[in-house]
Amino acid sequence: MIARSTRATRRATAVAGVAATAALLAGCAQELPTPSADEPFTGPVLTLDQEVAVVEDVAAVLEEAEAEASPKLLRERVAGPAFEVRRSQIEVAAELDDDSFVTRIPTDLAATIIPTTETWPRVSYTITQPTENLEAHRMVAYQQESARENYKLWLWVQLIPGTTMPNFADPEAIGSEAVAADDDSLEVTPAEALVQYADLVAQGDDSDYADAFELPEDSQDLVKRVQADARNLRGSEGFEEADGRYRLTYAARDDDPVAVRTSDGGAVVMGALDGNVRIDVEEDGSIAPFTQTQTALMDGDDETNELYVEYTDQVALYIPPAGSGEPVRPLGYSHDTVTAANEFPSERNTDREEPEESEESE
Amino acid sequence: MLQRILGAVLVVAGLAAIAFGVATATVLRESDTVVATARPVGDGTVVVTDPGVLDLVDADVTVTASVPAGQEVTVVVGRDVDVLGWLEGDPYARVTGLADWETLTTSAVTPEEAEDPEAEPAEGDAEEPQDVELPDPAGSDMWITELTAAEQVSLRWNDRPGPWVLLAAGTGAAPADEADEEAEEEGTEASDADAQTEASDADAVAPTLELTWEREVSTPLLWPAVGLGGLLLLLGIVLVVVGGRRKKRSRRGSAAPAAGAAAAAAGAPSALSGDSPIAPDSPLSPDSPASPASPLGSAGGASPWAAPGAEQARPTPVEEPGGAWEPATATRPDPVAPEDEGSGTAPVPVAGRFSRRSRLRPTRSAPEVPLHDEGGSPDVVEEHQDDAPATTTGSMPALADGRPLTRRELRRREEERRAGAQSGMSRAFRALTGQTPVVPPADAAPPEVADPPAAPGRRAAAWRETWGFDATSTAQDASQDETTEGGTR
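Residues numbered from 1 in each chain as written. Chains lettered and ligands numbered in written order. Predicted model: local features only at pLDDT ≥ 70, side-chain atom pairs only at ≥ 80, totals over all residues. Heavy atoms only, no water.

Notes on the overall build of chain A
Part 1 of the reasoning: Helix and strand content of chain A: six helices and eleven strands.
Part 2 of the reasoning: The burial tally for chain A puts 50% of its 362 residues in the buried class.
Part 3 of the reasoning: Considering only contacts within chain A whose residues lie at least 6 apart along the sequence, 66% involve residues at least 24 apart.
Part 4 of the reasoning: Accessible area for chain A stands at about 17200 Å²; split by element, carbon and sulfur atoms hold 46% of it. (Helix = DSSP H or I, 4+ residues; strand = E, 2+ residues; numbered from the N terminus. Buried < 20%, exposed > 50% of the residue type's maximum accessible area, 1.4 Å probe, protein only. Contact = heavy atoms within 4.5 Å. Areas by Shrake-Rupley, 256 points an atom, 1.4 Å probe, with all protein chains shown as cover.)

A closer look at the overall build of chain B
Part 1 of the reasoning: Looking only at helices and strands, chain B features 22 helices and ten strands.
Part 2 of the reasoning: Residue burial in chain B is summarised as follows: out of 489 residues, 51% are buried.
Part 3 of the reasoning: The long-range fraction of contacts in chain B, counting pairs at least 24 apart against all pairs at least 6 apart in sequence, stands at 83%.
Part 4 of the reasoning: Accessible area of chain B: about 21000 Å², with a carbon and sulfur share of 56%.

Thoughts on the packing of aromatic side chains
We describe a pair of aromatic rings using the distance from one ring centre to the other and the angle between the two ring planes.
Part 1 of the reasoning: Counted under the stated rule, the structure contains four aromatic pairs over all chains.
Part 2 of the reasoning: Centre to centre, the rings of Phe41(A) and Trp164(B) are 4.9 Å apart; their planes meet at 75°, and the pair counts as edge-to-face. Of this pair, Phe41(A) sits in the loop between helix 1 (2–28) and helix 2 (48–68) while Trp164(B) sits in strand 9 (residues 164–170), placing the two residues on different chains.
Part 3 of the reasoning: Phe41(A) gets classed as buried once you look at its relative accessible area, which sits at 16%.
Part 4 of the reasoning: Judged by relative accessible area, Trp164(B) falls into the buried class, the value being 8%.
Part 5 of the reasoning: Their ring planes at 65° and their centres at 6.3 Å tell us that Trp86(B) and Trp143(B) sit as a pair that is edge-to-face. Here Trp143(B) lies in the loop between helix 3 (111–114) and strand 7 (145–150) and Trp86(B) lies in helix 2 (residues 80–87), a separation of 57 residues in the sequence. (Phe/Tyr/Trp six-rings, centres within 6.5 Å; stacked < 30°, edge-to-face > 60°.)

Some remarks on the UniProt feature "transmembrane region" (unreviewed entry) in chain B
Part 1 of the reasoning: Sequence positions flagged by UniProt for "transmembrane region" (unreviewed entry) are, in local numbering, residues 221–242 of chain B.
Part 2 of the reasoning: Helix makes up 95% of residues 221–242 of chain B and strand 0%. Its end C-alpha atoms lie 30 Å apart. (UniProt positions renumbered as here; feature names shortened; annotations may be inferred.)

Focus on the environment of Thr117(A)
Residue and element names in this part refer to chain A.
Part 1 of the reasoning: Tracing the backbone shows Thr 117 in the loop between strand 1 (109–113) and strand 2 (122–128).
Part 2 of the reasoning: A relative accessible area of 15% places Thr 117 in the buried class.
Part 3 of the reasoning: When the C-alpha positions of Thr 117 and Pro 44 are compared, they lie 7.7 Å apart, and in sequence the two are 73 residues distant.

Regarding the packing of helix 4 (residues 190–203) of chain A against helix 5 (residues 222–234) of chain A
Each pair of packed helices can be described by the angle between their axes along with the distance between the axes.
All names here are of chain A.
Part 1 of the reasoning: Orientation of helix 4 relative to helix 5, taken along the N-to-C sense of each, is 30°, at an axis distance of 7 Å. Between helix 4 and helix 5, the interaxial angle falls into the category roughly parallel. Across from Tyr 197, Leu 200, Val 201, Ala 202 and Gln 203 in helix 4, the residues of helix 5 making contact are Leu 222, Val 223, Val 226 and Gln 227.
Part 2 of the reasoning: Partitioned by chemical class, the residues of the contact of helix 4 with helix 5 number seven nonpolar, two polar and no charged. (Axes fitted to C-alpha atoms, helices over the stretch in contact; angles between N-to-C directions. Parallel < 35°, antiparallel > 145°, perpendicular 65-115°, else oblique. Nonpolar A, V, L, I, M, F, W, Y, C, P; charged D, E, K, R; others polar.)

Points about the interface of chain A and chain B
Part 1 of the reasoning: Contacts between chain A and chain B engage 35 residues on the former and 45 residues on the latter.
Part 2 of the reasoning: Contact between chain A and chain B buries roughly 3200 Å² in total, counting both sides, with carbon and sulfur atoms accounting for 60%.
Part 3 of the reasoning: Between chain A and chain B we count five salt bridges in total.
Part 4 of the reasoning: Across the pair Asp82(B) and Arg122(A) runs a salt bridge, and its minimum N-O distance is 2.7 Å.
Part 5 of the reasoning: Here chain A is connected to chain B by 13 residue pairs in polar contact (both at pLDDT 80 or more). (Buried area = accessible area lost by both parts, 1.4 Å probe. Salt bridge = Lys/Arg side-chain N within 4 Å of Asp/Glu carboxyl O. Polar contact = N/O pair within 3.5 Å; in protein donor to acceptor, adjacent residues only side chain to side chain.)

Notes on the pattern of salt bridges
Part 1 of the reasoning: Evaluated as defined, the whole model comprises 19 salt bridges over all chains.
Part 2 of the reasoning: In this structure, the salt-bridge partner of Arg79(B) is Glu118(A), at a minimum N-O distance of 2.5 Å. Taken together, the residues span two chains, with Arg79(B) in strand 4 (residues 72–79) and Glu118(A) in the loop between strand 1 and strand 2.
Part 3 of the reasoning: Among the residues examined, Arg79(B) registers a relative accessible area of 4% and is labelled buried.

A look at unusual backbone geometry
Outside of glycine, negative phi angles account for most residues, and trans bonds account for most peptide bonds.
Part 1 of the reasoning: Cis peptide bonds are those with omega within 30 degrees of zero, and the linkage from Trp120(A) to Pro121(A) qualifies with 0°.
Part 2 of the reasoning: You can see Pro121(A) is positioned in the loop between strand 1 and strand 2.
Part 3 of the reasoning: Look at Asp97(A): it is not a glycine, yet its phi comes out positive at around 55°.
Part 4 of the reasoning: Turning to its location among the elements, Asp97(A) is positioned in the loop between helix 3 (80–96) and strand 1.
Part 5 of the reasoning: Judged by its relative accessible area of 70%, Asp97(A) falls in the exposed class.
Part 6 of the reasoning: Unlike most non-glycine residues, Glu151(B) shows phi in positive territory, near 65°.
Part 7 of the reasoning: Examined against the element boundaries, Glu151(B) turns out to sit in the loop between strand 7 and strand 8 (152–158).
Part 8 of the reasoning: Assessed through its relative accessible area of 36%, Glu151(B) is described here as partly exposed.

Describing the nonpolar core
Part 1 of the reasoning: In this structure, Tyr197(A), Tyr250(A) and Leu273(A) are the most contacted members of the largest nonpolar core, which totals 44 residues.
Part 2 of the reasoning: Core analysis: the second largest hydrophobic core is formed by 29 residues, Val61(B), Val63(B), Ala168(B) and Leu211(B) among them. (Core = buried A, V, L, I, M, F, W, Y, C linked by side-chain atoms within 4.5 Å.)

Overview of the pairing of strand 9 (residues 306–319) of chain A
Residue and element names in this part refer to chain A.
Part 1 of the reasoning: Of all 14 residues that make up strand 9, 13 are buried, and the element is covered over most of its length.
Part 2 of the reasoning: In this structure, strand 8 (residues 267–280) lies alongside strand 9, joined through 14 bridges in antiparallel fashion. Paired with Val 269 across the two strands is Leu 317, which belongs to strand 9.
Part 3 of the reasoning: Bridge analysis of strand 9 against strand 10 (residues 329–341) gives eleven bridges, and the strand direction is antiparallel. (Pairing = 2+ DSSP bridges.)

The following block contains the structure:
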């Protein structure tokens, strides 16, 4: 009996062993993995390498277009205000056979500002190292208008010497938030800041917004420069006698501003201002272009008693966060003549449907 | 019996389990690489993997995209948002996962859904415009990596954090306007097979994706199976051994009475010869017992045994050369025979011939008999007696016989026993066949009878064997020695 029971036990053990083996076998089949999406991206939309590639690609296109004196080539990598300015620069440089009229955009970067924008357009910014000629740092904006387009040079400014740049988020780990043109978390919306700045440029200290801006003490910003030009001309000899008039108009482009958040909650806005100068003297007088650029742009037209010059000025402003009570600071500008003519056109670049232009005439 | 059978079964099962375990880690082991293919579906020329597909099996993936000959294919990797944004609602095929280890699941995404990548992909919509030409994705600033080549392109991707997706696009080699014509044709005859065939020549087509991962193949069964097998093996061996022991024990129990009976039957000679050594022999080496001999012994019983045993032994080696040791032992008796007073009884040799086992076994024991008998010198016997207690175990019947085995004999028996034990298989089989039980009783008897006469020659024979003299020569020598010995004496 005992023997039989032990035998039975053994048999049971054996059966259990077989069952265990079978179970092991069954469990051995590896399960198919299913895709598990990682956490969505939250950081910068470009890596530093990609940004550098963009910068270098743009620089290559700039160089080629300049070498070929063919602004068409710029289309691939340049757009917006930068395109207009660059086209003008290339034409002038070709006319004068002097490439010093073309702004250098170095590829050596001092800083990058990468957006976190998941939609389009996206704008990334770089701050370049000074060129060999010790020109100022430049802040450059590259905009990708749609997913199927590449980043294109959109705006650039020369930073005002001595300006303190605000801090931006780490471009590699965090990225910077884009700020809408009508963002109200700032002392003044980016779009409005540009409008006010345009007024300030045109009217100088007489502007209603003069107090809202803190202009650099020691350096020249766009306001100072334009106003200085105006003063110089008005004060020039014989201008009064010739019954000369110097009318300066500036207006912000309302569709171009790009803005990015700074670390302190403020923003840097970059945009373009359209400006024009109408100068006329008495009927039998004549006005010569004031600069080589203007001369080149006149394209050999005779001098008349009228001179019309258009500017496309790219500017960068720092707007402090709302409630800080701080003034807006100009960070940089690029003052470029894009048109010169010997008569006033019927339509000017500062024309707006709702004219926000501020005019100073005398 | 059953125990031993079970033991054997367990041993086999254990070996099988071990073999299986090893096999899972070798021949049955799954491939180290997973190669999964995605066939494009839908109207688009683009195939896009879902986030998480690239690192489905392993972080390192090699993606191979191929298109028909003469066309170009581009593969890029980008952030999911960027890729979907780039697609801008154009139809594409979406790779959603693995259907099995060799196939990727794909689903067509139509423009409406593309806006919401989370939506359930619908079947390709026939109303969708055919052959939507997408621009070449190559050259976008957004891609982390991109490759373009004719017909086939292979891209290695090492996954990094984030929902990276891969986009493969057939960019076509035909001019765009040609493709447009094709598109128009298909607009009118969407189902025209010919048009589509032509189109495939000219238009970009969605590439076929092949994702290859290195996979770490675990061998989860290796050690469990080997362990289990080892366990079974061990258990089986234990069962077999234990079963064998039990059998021996039981056999010994039966052998003892048989010996007693034999002794009784043999009468005086048996008592004199005290063949007891045989009794112990049987338990030690169950194989050795000569079944036929025993009945003979009990029957014929007398000292004459020796002679017949010897005679019988002689033919054995001649007829059947067996193991090396067999002839030796078999021949040994030969020389003895003549000297033996042994008026051989007829029945013995006959019995020996009938059964091989009987032939062999008795021979082994037989030699001892004649030798003993022949030697007859009291010295030897005494010596034996003296030695016996020391070398033999208490249980050994040797004592009962009164003539203990010499040390040499014991040693030899032990060797034989070992030799027998080594051929485990035969033992096991015997155990299975169940023939053994018959043997033991027989075993004991003949030697009993035979032993006493063998005494003197036995030492010489044992000596020869110990020192490895040739079997046949040993036999001859033994006979000579014995004769001389006898003569001198």
